[in-house]
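This is what each chain is made of:
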Amino acid sequence: MSPEIQTAAALVIVALAALWLTLRAVAKRKNPGCGGECACPTQKLKR
């Protein structure tokens, strides 16, 4: 592969990884806390 193709491929991979990390961070910010089936006590039990 030519250096230009390798550079373009590396930039695409880095851009996709940055996008994935950004989307994960935004998703966690929208739904903070327990987030699912982790057996966290409900609000009634926390008192």
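Cut-offs used in this document
Residues numbered from 1 in each chain as written. Predicted model: local features only at pLDDT ≥ 70, side-chain atom pairs only at ≥ 80, totals over all residues. Heavy atoms only, no water. Helix = DSSP H or I, 4+ residues; strand = E, 2+ residues; numbered from the N terminus. Buried < 20%, exposed > 50% of the residue type's maximum accessible area, 1.4 Å probe, protein only. Areas by Shrake-Rupley, 256 points an atom, 1.4 Å probe, with all protein chains shown as cover. Patch = residues over 30% accessible without salt bridge, like charges linked within 9 Å, V, L, I, M, F, W, Y side chains within 5 Å. Salt bridge = Lys/Arg side-chain N within 4 Å of Asp/Glu carboxyl O.

### A closer look at the overall build of the protein chain
(1) Moving on: When its secondary structure is counted, the protein chain shows 2 helices and 0 strands.
(2) Moving on: A burial count over the protein chain gives 0% of its 47 residues as buried.
(3) Moving on: When the accessible surface of the protein chain is totalled, it reaches about 4,700 Å², and 66% of it is carbon and sulfur.

### A closer look at a nonpolar patch on the surface
(1) Moving on: A contiguous nonpolar patch, built from V12, L16, L19 and L23 and spanning about 390 Å² of accessible area, is present on the exposed surface.
(2) Moving on: Checked against the element boundaries, L23 lands in helix α1 (residues 3-30).

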